[in-house]
Amino acid sequence: MSFTGLSMGSGTARRAFEFGQTYVVKPKGKHQATIVWLHGLGDNGSSWSNLLETLPLPNIKWICPTAPQRPITLFGGFPSTAWFDINDLSENAIDDDEGLDASAAYVASLLATEPPHIKLGVGGFSMGAATSLYSATCFVRGKYENGNSYPVNLSSAVGLSGWLPCAKTLSNKLEGVEGAVSRATSLPILLCHGKGDDVVPYKFGDKSSQKLCSCGFQDVAFKSYTALGHYTIPEEMDEVCAWLTSKLGLEGKS
């Protein structure tokens, strides 16, 4: 499926993004929640769908899309599956607003067709975590960076080993937005990060948590893991399971 990051009526050159295969893990019990889970740079939806299927969360439907292939500035233009372009893993990195908007819109489109009584969430690892957190900020703002309306109501957001894109401008963008305070207050967010992460430094996760809290997100949990590098471990996934069960009010086995 093709999505663009175009602002309505701008006349700007249109960049289309071809998203890859989507993998779905159906709920084994009563369907109560649907979460779109996003992989990291260079990965695909299959690897995470295989892991998510093993979790003791029978009431969740997982949707695991695959990012488009695109040239990555950080790799000297070499193509990779990525939710947006990235030029540097530093606090001075330039945000790819167009790519972020396109991926956030694609995630929202996957959630928009779910039944009305189902709770909706976003989550991901590394770059996927960044895209999930960006989606959360779009939900709270009520729109994407390009001005288009954000169409779904999120009930949770999870970010593992990631960071918050557009962090420097977030407080200004939320200021005076109708309903933003209540949405930020009510949206639970879980961030997990390893102190041994040599790809996305631990301080990125820590500062992302602090920024969200300072911008009015009142239900932010930040979990750190002393020896964890840029990968996930059972202890971390146990935390995710317990947190989702609590925040989404999942019934367990039924």
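Structure: see above.
Quick look at the structure, then. This structure is a prediction, so every number in the text was calculated from the model and none was measured.

Thoughts on the side chain of Ser 103
No. 1: Within the fold, Ser 103 resides in helix 2 (residues 97-112).
No. 2: Setting aside its immediate chain neighbours within four residues, Ser 103 contacts Phe 19, Arg 70, Trp 83 and Thr 131.

A short note on the environment of Leu 133
No. 1: Within the secondary structure, Leu 133 sits in helix 3 (residues 127-141).
No. 2: For the pair Leu 133 and Ala 104, spaced 29 residues apart in sequence, the C-alpha separation works out to 9.5 Å.
No. 3: Apart from residues no more than four positions distant in its own chain, Leu 133 is found in contact with Trp 163, Leu 164, Ile 189, Leu 191 and Leu 212.

So, the nonpolar core
No. 1: Ranked by size, the top nonpolar core spans 52 residues in total, and within it Ile 189, Leu 212 and Phe 217 carry the most contacts.
No. 2: The set of elements that each furnish at least two residues to this core consists of strand 4 (33-38), helix 2, strand 8 (119-125), helix 3, helix 4 (170-174), helix 5 (180-186), strand 10 (189-194) and helix 6 (202-214).
No. 3: Counting residues in each nonpolar core, the second largest holds 26 residues, with Val 25, Leu 57, Leu 228 and Trp 243 among its members.

What to know about helix 2
Since one α-helical turn is 3.6 residues long, residues separated by three or four positions face the same way.
No. 1: Helix length check: helix 2, at 16 residues, gives a terminal C-alpha distance of 22 Å against a target of 22 Å (1.5 Å per residue), a fit within 8%.
No. 2: Of all 16 residues in helix 2, 12 are buried, a share of seventy percent or more.

A look at the packing of aromatic side chains
No. 1: By the definition in use, this model includes 9 aromatic pairs.
No. 2: Taken together, the ring pairs connect Trp 37, Trp 48, Trp 62 and Phe 125 into an aromatic cluster.

Structural notes on the pattern of salt bridges
No. 1: Under the definition given, this model contains 6 salt bridges.
No. 2: Residues Glu 251 and Lys 30 are paired through a salt bridge, measuring 3.2 Å at the closest nitrogen-oxygen approach. Separated by 221 residues along the polypeptide, Glu 251 in the segment after helix 7 (234-247) and Lys 30 in the loop between strand 3 (23-25) and strand 4 bring together distant segments of the chain.
No. 3: Glu 251 gets classed as partly exposed once you look at its relative accessible area, which sits at 43%.
No. 4: Accessibility expressed as a relative area gives 46% for Lys 30, which makes it partly exposed.
No. 5: Its salt-bridge partner being Glu 145, residue Lys 173 comes within 2.8 Å of it at the nearest N-O pair. With Lys 173 in helix 4 and Glu 145 in the loop between helix 3 and strand 9 (156-160), this residue pair connects regions lying 28 residues apart in the sequence.
No. 6: On the basis of relative accessible area, Glu 145 is assigned to the partly exposed category, the value being 29%.

Some points on the environment of Tyr 231
No. 1: Along the chain, Tyr 231 turns up in the loop between strand 11 (220-225) and helix 7.
No. 2: With a relative accessible area of 42%, Tyr 231 lands in the partly exposed category.
No. 3: Beyond its immediate chain neighbours, meaning those up to four positions away, Tyr 231 contacts Phe 125, Ser 161 and Glu 236.

Points about the sheet that holds strand 3
No. 1: Pairing is mixed in the open sheet, where 7 strands are placed in the order 3-5-4-8-9-10-11. Looking at strand neighbours, the two that pair on one side only are strand 3 and strand 11, the edges of this open sheet. When strand polarity is set aside, the average angle formed by the axes of neighbouring strands in this sheet is 15 degrees.

The rules behind each value
Sequence order sets the numbering: in each chain, residues are counted from 1 along the sequence as written. In keeping with the model being predicted, local features are shown solely for residues with a pLDDT of at least 70 and side-chain atom pairs are shown and tallied solely at 80 or more, while totals for entire chains, interfaces and linings include all residues. Water and hydrogen atoms were dropped before computing side-chain values, which therefore reflect all heavy atoms in the structure. Labels follow the DSSP assignment, with helices taken as runs of H or I lasting at least four residues and strands as runs of E lasting at least two, numbered in each case from the N terminus. The contact rule is simple, with two residues in contact once any of their heavy atoms fall within 4.5 Å. Residue types Ala, Val, Leu, Ile, Met, Phe, Trp, Tyr and Cys, when buried and joined through side-chain atoms within 4.5 Å, form a set referred to as a nonpolar core. Each residue is placed in one exposure class: buried if its accessible area under a 1.4 Å probe, protein chains only, is under 20% of its type's maximum, exposed if it is over 50%, and partly exposed if it falls in between. Multiply 1.5 Å by the residue count of a helix minus one, and that product is the helix's expected span. When the centres of two rings from Phe, Tyr and Trp lie within 6.5 Å, Trp using its six-membered ring, the rings pair. Their planes under 30 degrees apart give stacked, over 60 give edge-to-face, and anything left gives tilted. Salt bridge, as used here: a side-chain nitrogen of Lys or Arg that lies within 4 Å of a carboxyl oxygen of Asp or Glu. We treat two strands as partners when DSSP finds at least two bridges between them. Only the stretch in contact is used when fitting a helix axis, every axis being a line fitted to C-alpha atoms; angles between N-to-C directions are given from 0 to 180 degrees.

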